[in-house]
Amino acid sequence: MPDTTATTTLEQHLDETHEARLGSYKDFLRVPSISTLPQHAPDVRRAAEWLAETLTGAGLEHVEVAETGGHPVVYADWLHAEGAPTVLIYGHYDVQPVDPLDLWTSPPFEPVVEDGRMLARGAADDKGQVHAHAMAAQAILATRGAYPINVKYVFEGEEESSSVHLDEWLAANKDRLTADAAIISDTGFFEGNLPAITVSLRGMMYSQIDVVLSPVDLHSGGFGGAVQNPANALAQIIAAVKGPDGRIRIPGFYDAVVPLTEEERAALAALPFDEEAYRVATGVSALIGEVGYTPLERRATRPTLDVNGIWGGFQEEGAKTIIPAHAHAKVSCRLVAAQDPDDIFQKLCAFVAEIAPPGVDVTVQDLGGGRPTLTPVDHPVTRAAARALEATFGQAPVYIREGGSIPVAASFESILGLPVVLLGFSPPHDNAHAPDEWMALDNYEGAIRAIVRTFDEIGAADGAGAD
Ligand code: BES
Ligand code: MN
Ligand code: MN
């Protein structure tokens, strides 16, 4: 059993340090660590250094801003709980770009607290969760001087740009990353802000289709009708890859998909999900999708194909009569077990080559991806996290499937051989990746307590890997 006196002292400490903690959270959010934009590379590094200093100040050891060839990984550990399990903890300190700026009610890197919410880019995804881990470390070491278990922290700086260099870093550091399990804090609570443990994530294949006619735009009077129009050709390709029934028409696309069992469908159907409330909260006129599946199934357990951006030709006001020289689209697929991003990319390329209209050059670029993840629901660390969530938030967690992707989850399994537990705290509809991203301070404060309790629960369990 966790020591209740120690818990009381820790709670007092957290009460007393509340204001300082919010100040520190805001300092972290002020650093514009946008990993995908090259001009922000120095800011990403500054965020890494800020985090490393904070972890050092908390009393963690072997703190390092480790080079990866891309943005750095921040590593830290505390390894003095001899005989106790070791948990590797992951989050990311990089954030998404902030455009369109004019839709933010306050500037994205000038955090403000309003109505119990921290408002800033990264407040939820994922700096808020990383900061909660740092503050849990600080509270544990300040009040107890020791953890009940061994911990290794890996905080990444390029999750939002497909974790390009992380696999190599994991493989090179395999020996010092040994653990009994990995806890990833980069997911959220369920609709209605119900505490949740995520048990599956989708994978990702991201591509760009380029259609080229000529070096320059052509007069649409002089040439229209006699040459291929690349924008029309691109539209034909996009219309062909997915049907109006929501099914993807790329041959072999569904071959590797493991269908949900009746039990799994029943478990999803049993979640307290109000379709109409979800539609309204999302701000759309209707929910649509693949025939034969519920919205919950579509958004998390079925693969998708979506255009993320499409451009070419004349974009200004008024009319300009041209045949555009070229047209482009960013096309991504969310993947489910056991689809492989490289295999799906090859199948997309082959299909596009087959259906591409004549008279233009069509190429498909691979912009990266990641594999889907299924996590064990009955692992001792999952059970410890569930007890901690219930004790902290007064409600047992629901087990959910998420439509988003965290490529490192599959890498922890395949490269480090670690079972993964997705223990995340961001509220639903937190505007992650969108203007006015926010974190509920109740979730953030609860996260710190739940993280400490999870460690206590793991430590109280009888030996490594048991409970
Ligand atoms: N935190 C998200 C992943 C996520 C999203 C988990 C929604 C649960 C629900 C993560 O930061 C993210 O945005 N991942 C990217 C991955 C991509 C860049 C390969 C994503 O899902 O688009
Ligand atoms: Mn994230
Ligand atoms: Mn994200």
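Residues numbered from 1 in each chain as written. Chains lettered and ligands numbered in written order. Predicted model: local features only at pLDDT ≥ 70, side-chain atom pairs only at ≥ 80, totals over all residues. Heavy atoms only, no water.

In this section: the overall build of the protein chain. When its secondary structure is counted, the protein chain shows 13 helices and 18 strands. What you see for the protein chain is a C-alpha radius of gyration of 24 Å, in line with the 23 Å of a compact globule of 467 residues. Principal-axis analysis of the C-alpha atoms places the extent of the protein chain at approximately 85 × 50 × 45 Å. Across the 467 residues in the protein chain, those meeting the buried criterion constitute 52%. Surface summary for the protein chain: the accessible area is close to 19700 Å², and the carbon and sulfur share equals 52%. (Helix = DSSP H or I, 4+ residues; strand = E, 2+ residues; numbered from the N terminus. Rg over C-alpha atoms; globule rule 2.2 N^0.38 Å. Buried < 20%, exposed > 50% of the residue type's maximum accessible area, 1.4 Å probe, protein only. Areas by Shrake-Rupley, 256 points an atom, 1.4 Å probe, with all protein chains shown as cover.)

Time to look at the coordination of the manganese ion (ligand 2). At this site the manganese ion (ligand 2) is bound by His92 (NE2), Asp125 (OD), Asp186 (OD) and Asp186 (OD), with donor distances of 2.0 to 2.5 Å. Given 6 donor atoms and angles of 56 to 163° at the metal, the environment of the manganese ion (ligand 2) is assigned as irregular. Mapped onto the sequence, the residues coordinating the manganese ion (ligand 2) show the spacing H-x32-D-x60-D. Judged by relative accessible area, which is 12%, Asp186 ranks as buried. (Donors = N, O, S within 2.8 Å, 3.2 Å for Na, K, Ca; no water. Tetrahedral: all angles 85-135°; square planar, octahedral: opposite > 155°, others 65-115°.)

For the rest of this paragraph, the subject is helix H2 (residues 18-30). Taking 1.5 Å as the rise per residue, H2 with 13 residues should run 18 Å; its terminal C-alpha atoms sit 19 Å apart, in good agreement. Those residues of H2 that sit buried are Arg21, Leu22, Ser24, Tyr25, Phe28 and Leu29. Looking down the long axis of H2, one finds its buried residues gathered within 160° of arc, a one-sided arrangement. H2 presents Glu19 and Ala20 as exposed residues on the side facing more than 90 degrees away from its buried surface. The inward-facing, buried residues of H2 contact helix H1 (4-16), helix H3 (41-58), strand S5 (117-119), helix H4 (127-143), strand S18 (438-440) and helix H13 (441-460). (Expected span 1.5 Å × (residues − 1). Arc of directions from axis to C-beta. Contact = heavy atoms within 4.5 Å.)

Time to look at the side chain of Arg121. When you line up the elements, Arg121 lands in the loop between S5 and H4. Within the structure, Arg121 has its side chain in polar contact with the backbone oxygen of Pro97 (distance 2.8 Å). Only 3.0 Å separates the side chain of Arg121 from the backbone oxygen of Ala434, close enough to count as a polar contact. When near neighbours in sequence (up to four residues on either side) are disregarded, Arg121 contacts Leu29, Val95, Gln96, Pro97, Val98, Trp104, Pro108, Phe109, Asn431, His433, Ala434 and Glu437. (Polar contact = N/O pair within 3.5 Å; in protein donor to acceptor, adjacent residues only side chain to side chain.)

If you walk across this open sheet you meet the 4 strands as S11-S13-S9-S14, and the pairing is antiparallel. Both outer strands of the open sheet, strand S11 (306-312) and strand S14 (361-370), are each paired with one neighbouring strand and no more. Within the sheet, the average angular offset between the axes of one strand and its neighbour, ignoring direction, is 15°. (Pairing = 2+ DSSP bridges. Axes fitted to C-alpha atoms, helices over the stretch in contact; angles between N-to-C directions.)

Core analysis: the biggest nonpolar cluster contains 63 residues, and Tyr147 and Tyr153 have the highest contact counts within it. Ile238, Ala329, Val331 and Phe345 belong to the second-largest nonpolar core, a separate cluster that totals 30 residues. (Core = buried A, V, L, I, M, F, W, Y, C linked by side-chain atoms within 4.5 Å.)

This part is about the coordination of the manganese ion (ligand 3). Protein coordination at the manganese ion (ligand 3) comes from Asp125 (OD), Glu160 (OE), Glu160 (OE) and His433 (NE2), with a distance range of 2.1 to 2.6 Å. In this structure, the manganese ion (ligand 3) is surrounded by 6 donor atoms whose angles at the metal cover 54 to 157°, and the resulting shape is irregular. For the manganese ion (ligand 3), the single-chain donor residues occur in sequence as D-x34-E-x272-H. Separating the manganese ion (ligand 3) from the manganese ion (ligand 2) is a gap of 3.5 Å, which Asp125 spans by donating to each of them. Linking Asp125 in the loop between S5 and H4 with Glu160 in the loop between strand S6 (150-156) and helix H5 (166-172), this pair joins segments that are 35 residues apart in sequence. Classification of Asp125 as buried rests on a relative accessible area of 12%.

What follows covers the packing of aromatic side chains. Under the counting rule described, the total for this entry stands at 11 aromatic pairs. Aromatic pair Tyr25 and Tyr444: ring centres 4.4 Å apart, planes at 15°, arrangement stacked. Residue Tyr25 is found in helix H2, and its partner Tyr444 is found in helix H13; the two are separated by 419 residues along the sequence. Owing to a relative accessible area of 0%, Tyr25 belongs among the buried residues under this scheme. When the ring of Tyr147 is compared with that of Phe455, the centres are 5.8 Å apart and the planes differ by 45°; the resulting orientation is tilted. Residue Tyr147 is found in the loop between H4 and S6, and its partner Phe455 is found in helix H13; the two are separated by 308 residues along the sequence. Residues Tyr147 and Phe455 agree in their burial class; the two are buried. Geometry around Tyr75 places Arg176 over its ring, the cationic atom sitting 4.6 Å from the centre. It is Arg247 that lies over the ring of Tyr254; its NZ or CZ is 3.9 Å from the centre. (Phe/Tyr/Trp six-rings, centres within 6.5 Å; stacked < 30°, edge-to-face > 60°. Lys NZ or Arg CZ within 6 Å of the ring centre and 35° of its normal.)

Classification of Tyr147 as buried rests on a relative accessible area of 5%. Spatially, the C-alpha atom of Tyr147 lies 9.0 Å from that of Val452, the residues being 305 residues apart in sequence. Polar side-chain contacts of Tyr147 include one of 2.6 Å to the side chain of Tyr153.

Turning our attention to unusual backbone geometry. With an omega of 0°, the peptide bond between Asp99 and Pro100 qualifies as cis. Here the residue pair Asp125 and Asp126 is connected by a cis peptide bond, since its omega of 0° sits within 30 degrees of zero. On the secondary structure map, Asp126 appears in the loop between S5 and H4. Phi at Asp115 is positive, roughly 50°, even though this residue is not glycine. By secondary structure assignment, the location of Asp115 is in the loop between strand S4 (112-114) and S5. For Asp115, a relative accessible area of 78% gives the class exposed. Positive phi is not limited to glycine here, since His433 has a value of about 70°. Residue position: His433 is located in the loop between strand S17 (420-422) and S18. For His433, a relative accessible area of 41% translates into the label partly exposed.

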